[in-house]
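# Report on the structure
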Amino acid sequence: MAERKVLVEEKAGRKRVRPLAEDPETGWRWIGWIGFVLLVVGVGDFALVWYPMHLGTPEWEFGTIAASFSGLALIAIGFAGLLGAGLALGSRRLLVAVAVVLGMWSVFLAAAYLLFLTDVPMALGSVEGPAALGVKKAIVKTSLLGVTFTVASAVGAYAAIRHLRGGKGEGS
């Protein structure tokens, strides 16, 4: 059998689209800036939940920590953008800043979670019936978020420090 040839008419005057040049450095700079913006917004939202502070009031501690931990994803995405940008761009200053802030953040999250755990018995003892299910869900959710984001923050800080100690990231 002979192969069939298909004729295609090219349209006159049609321009080919030229592909853009790759620019990973600019891309990572934008990821870093967007990460910074998300971090600022997330931390602002987190701080508003904590203000005004009523430490020592178990009901306030339980509700505040449960509510504020629900917003940790935005903060984590912001930190991830900054950490990724620092690693990709080889920015020593950015990596040092991210390592320090993430390290402090993980300590704060661990302390807040431990404080939350001290309030769990009070929360469980103060409700009965259908309302108990909501308190139990808040405990499970806050525990999941608290442990996960505390560990993720500590791992991110460790990754930045490890990269810095490896002699990488000599830039800026």
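Here's a quick rundown of the structure. Since the structure is predicted, the reported quantities are computational estimates derived from the model, not experimental observations.

We now examine unusual backbone geometry. Cis geometry is adopted by the peptide bond preceding P52, which originates at Y51 and carries an omega value of -10 degrees. With respect to the helices, strands and loops of the structure, P52 is situated in the loop between α1 (24-50) and α2 (58-69).

Ranked by internal contacts, the top residues of the largest apolar core, which has 31 residues, are F46, F62, F69, L72, I75, W105 and F116. Per-element tally for this core: the top contributor is helix α4 (residues 92-125), with 11 residues. For F62, the residues in contact, after removing those within four places along its chain, are F116, D119, V120, A123, V135, A138 and I139.

Another point: the packing of aromatic side chains. According to the stated counting rule, one finds nine aromatic pairs in the structure shown. Pairing W50 with F108 gives two aromatic rings, centres 5.6 Å apart and planes at 55 degrees, and the pair type is tilted. In this pair, W50 sits in helix α1 while F108 sits in helix α4, placing the two residues 58 residues apart along the sequence. Classification of W50 by relative accessible area gives buried; the value is 9%.

Right, let's get into the packing of α1 against helix α3 (residues 72-89). Where α1 meets α3, the closest approach of the two axes is 7 Å, and the angle between their N-to-C directions is 150 degrees. Relative to α3, the element α1 lies roughly antiparallel. Helix-helix and strand crossings are classified by hand; for α1 and α3 the assignment is left-handed. Grouping the amino acids of the contact of α1 with α3 by side-chain chemistry returns 17 nonpolar, six polar and two charged.

Calculation criteria
All chains use their own residue numbering, which begins from 1 and follows the written sequence. Under the rules for a predicted model, residues below a pLDDT of 70 receive no local features and side-chain atom pairs below 80 are neither given nor counted, while totals for whole chains, interfaces and linings still include all residues. Water and hydrogen atoms were dropped before computing side-chain values, which therefore reflect all heavy atoms in the structure. Starting at the N terminus, helices and strands are each numbered in turn, a helix being any DSSP run of H or I of at least four residues and a strand any DSSP run of E of at least two. Nonpolar cores are built from buried Ala, Val, Leu, Ile, Met, Phe, Trp, Tyr and Cys residues. Side-chain atoms within 4.5 Å join them into one set. To sort residues, take the accessible area from a 1.4 Å probe on protein chains only and compare it with the maximum for the residue type: under 20% means buried, over 50% means exposed, and anything in between is partly exposed. Note on contacts: a residue pair is in contact if any heavy atoms of the two residues lie within 4.5 Å. By convention, a stacked pair of Phe, Tyr or Trp rings (six-membered ring in the case of Trp) has centres within 6.5 Å and planes under 30 degrees apart, an edge-to-face pair has planes over 60 apart, and any other such pair is tilted. Axis definition: a line fit to C-alpha positions, over the contact stretch in the case of helices; interaxial angles, taken between N-to-C directions, run 0 to 180 degrees. To sort the angles, those under 35 degrees are grouped as roughly parallel, those over 145 as roughly antiparallel, those from 65 to 115 as roughly perpendicular, and the leftovers as oblique. Two helices cross in a left-handed way if the nearer one is turned anticlockwise from the farther one by less than a right angle. They cross in a right-handed way if the turn is clockwise. As a working rule, the residues Ala, Val, Leu, Ile, Met, Phe, Trp, Tyr, Cys and Pro are called nonpolar, Asp, Glu, Lys and Arg charged, and the rest polar, with Gly in that last group.

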